[in-house]
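# Structural overview for review
Chain residues, written in single-letter form:
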Amino acid sequence: VWSFTPNQTKATLHCKSQLLCMGWANRVDRLLLLGTSTGKLRLYDTETKRTYCDVESEPGYPRVVSVTSSPNGQLLVYGCAAMVQSDIGSSPTAKSYADPLPEIHSPRRKRRPECTGALVCWDVKAMKTERSLPLDPAPTAVNCSAFNHNGNLLVTGGADGMIRLFDMTQCDVLMGWQAHVGEVYCVQFSCDETTVFSIGEDGKFTQWSLHHIGQRVTDLPISLDACNPLRGTAIGGNSRSYESGPVPRGRLFAFDSEGQYLLTCGGDHGLVSKISDGTLYPAMTLGGHLAPVVAVDWSTAMHCGACLTGSLDCTVRVTTLLKQ
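## Looking at the pairing of strand S13 (residues 162-167)
With 6 of its 6 residues buried, S13 lies for the most part within the structure. Burial of S13 is two-sided: the residues Met162, Arg164 and Phe166 facing one way and the residues Ile163, Leu165 and Asp167 facing the other way are all buried. Where strand S12 (residues 153-158) meets S13, 5 bridges bridge the pair, whose relative direction is antiparallel. When the sheet's bridge partners are listed, Val155 is paired in S13 with Leu165. A loop of 4 residues connects S13 with strand S14 (residues 172-178), the two strands running antiparallel in sequence, and Cys171 in this loop sits at a positive phi of about 55°.

Here it is in structure tokens:
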């Protein structure tokens, strides 16, 4: 864990199991959220350098694959998934990249066992599970989720290709629709919160209306490197195809504070594009990496744009953008 100002390492933690997701608890800057492959959501205090709490995931779903905090920091929502097929009867580890996934473009693609899961709300103050949210028509692993500005709405992207919008005041689904063929990798609200954007396993980056269920506003042109930066990555000597590559776990796109610019993965660099009339216009490349960029973020906390790019070369680069 690094601090931006001053630039120094604040804490280093070691975990015996794989970390599948992470995030920060809002309103409590020091609380780091870590989802593991062994059925635990760990809350780690970066100031005391100790585990604040370990939350046990739902029975039958030992992989915590996504986590997000409500704006007021009082609620954590995490997605947990079934054990992958290759792990049954062995210790929970990541799926072998040598095992090909079914063809994503087939409309009759069979549902993988590891695609099932649950979406759980955990009360930070009471330190207990509050409830599980409904995932109709069938339980599915939730790969990604995001709150709106006041925490009343939650949008999720599932392994079943569906986007679901939840009313968190009633803890119920407002709407849901089939957004992608294959899994939804990343989803978030637009800046004005009238639409949502999503990236899926089918290689599409789509904007959806929240006023009309499932209405596609536009498909934005985007490269396959941005949709799945692990596509074609050589792991264990085997180069993986787009269809059979491992599932990305980090954020794949981020907006500036005004929603006019978009940051995505672009091979061995980050790519900043200007959004205009439903089209992306390349504006800047953020280089310096020696391997594919697999996760990005955009922070405005320091009163200037800070673009973050994380790469398979084991580096995280912070690029500060000044307004012209």
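Alright, that's what it looks like, and here's the rest.
## What about the nonpolar core?
Within the largest apolar cluster, 22 residues are counted, with the highest numbers of intra-cluster contacts made by Ile199, Phe205, Phe253, Leu263 and Trp298. Counting residues in each nonpolar core, the second largest holds 19 residues, with Ala25, Leu31, Val67 and Ala82 among its members.

## Quick word on the side chain of Asp45
In this fold, Asp45 is placed in strand S5 (residues 40-45). A polar contact is formed between the side chain of Asp45 and the side chain of Arg30, at a distance of 3.1 Å. With residues up to four places along the chain from it excluded, the contact list for Asp45 reads Arg30, Leu31, Arg50 and Tyr52.

## Notes on the pattern of salt bridges
All chains considered together, the criterion is met by 7 salt bridges. Ionic pairing is found between Arg42 and Asp54, a salt bridge with its closest N-O pair at 2.9 Å. Of this pair, Arg42 sits in strand S5 while Asp54 sits in strand S6 (residues 50-56), placing them 12 residues apart in sequence. For the salt bridge of Arg251 with Asp297, the shortest nitrogen-to-oxygen distance reads 3.0 Å.

## Describing the pairing of strand S8 (residues 75-81)
In the case of a regular strand, side chains alternate between the two sheet surfaces. The buried fraction of S8 amounts to 7 of the 7 residues, a majority that puts the element mostly inside the structure. Side chains Leu75, Val77, Gly79 and Ala81 of S8 all project onto a buried face; the interleaved residues Leu76, Tyr78 and Cys80 project onto the opposite face, where all are buried too. As paired strands, S8 and strand S9 (residues 117-123) are joined by 7 bridges and run antiparallel to one another. In the sheet register, Leu75 faces S9, and the bridge partner there is Asp123.

## Some points on the sheet that holds strand S26 (residues 305-311)
Spatial ordering of the open sheet is given by S25-S26-S27, a layout of 3 strands whose pairing is antiparallel. Strands with a single pairing partner mark the edges of an open sheet, and in this sheet they are strand S25 (293-299) and strand S27 (316-321). Here the average twist between neighbouring strands, direction ignored, is 20°.

## Remarks on the environment of Gly203
Here Gly203 shows up in the loop between strand S16 (195-200) and strand S17 (205-209). Look at Gly203 and you get buried, because its relative accessible area is 16%. Sequence separation between Gly203 and Asn228 is 25 residues; the distance between their C-alpha atoms is 7.5 Å.

Analysis parameters
Residues numbered from 1 in each chain as written. Predicted model: local features only at pLDDT ≥ 70, side-chain atom pairs only at ≥ 80, totals over all residues. Heavy atoms only, no water. Buried < 20%, exposed > 50% of the residue type's maximum accessible area, 1.4 Å probe, protein only. Helix = DSSP H or I, 4+ residues; strand = E, 2+ residues; numbered from the N terminus. Pairing = 2+ DSSP bridges. Core = buried A, V, L, I, M, F, W, Y, C linked by side-chain atoms within 4.5 Å. Polar contact = N/O pair within 3.5 Å; in protein donor to acceptor, adjacent residues only side chain to side chain. Contact = heavy atoms within 4.5 Å. Salt bridge = Lys/Arg side-chain N within 4 Å of Asp/Glu carboxyl O. Axes fitted to C-alpha atoms, helices over the stretch in contact; angles between N-to-C directions.

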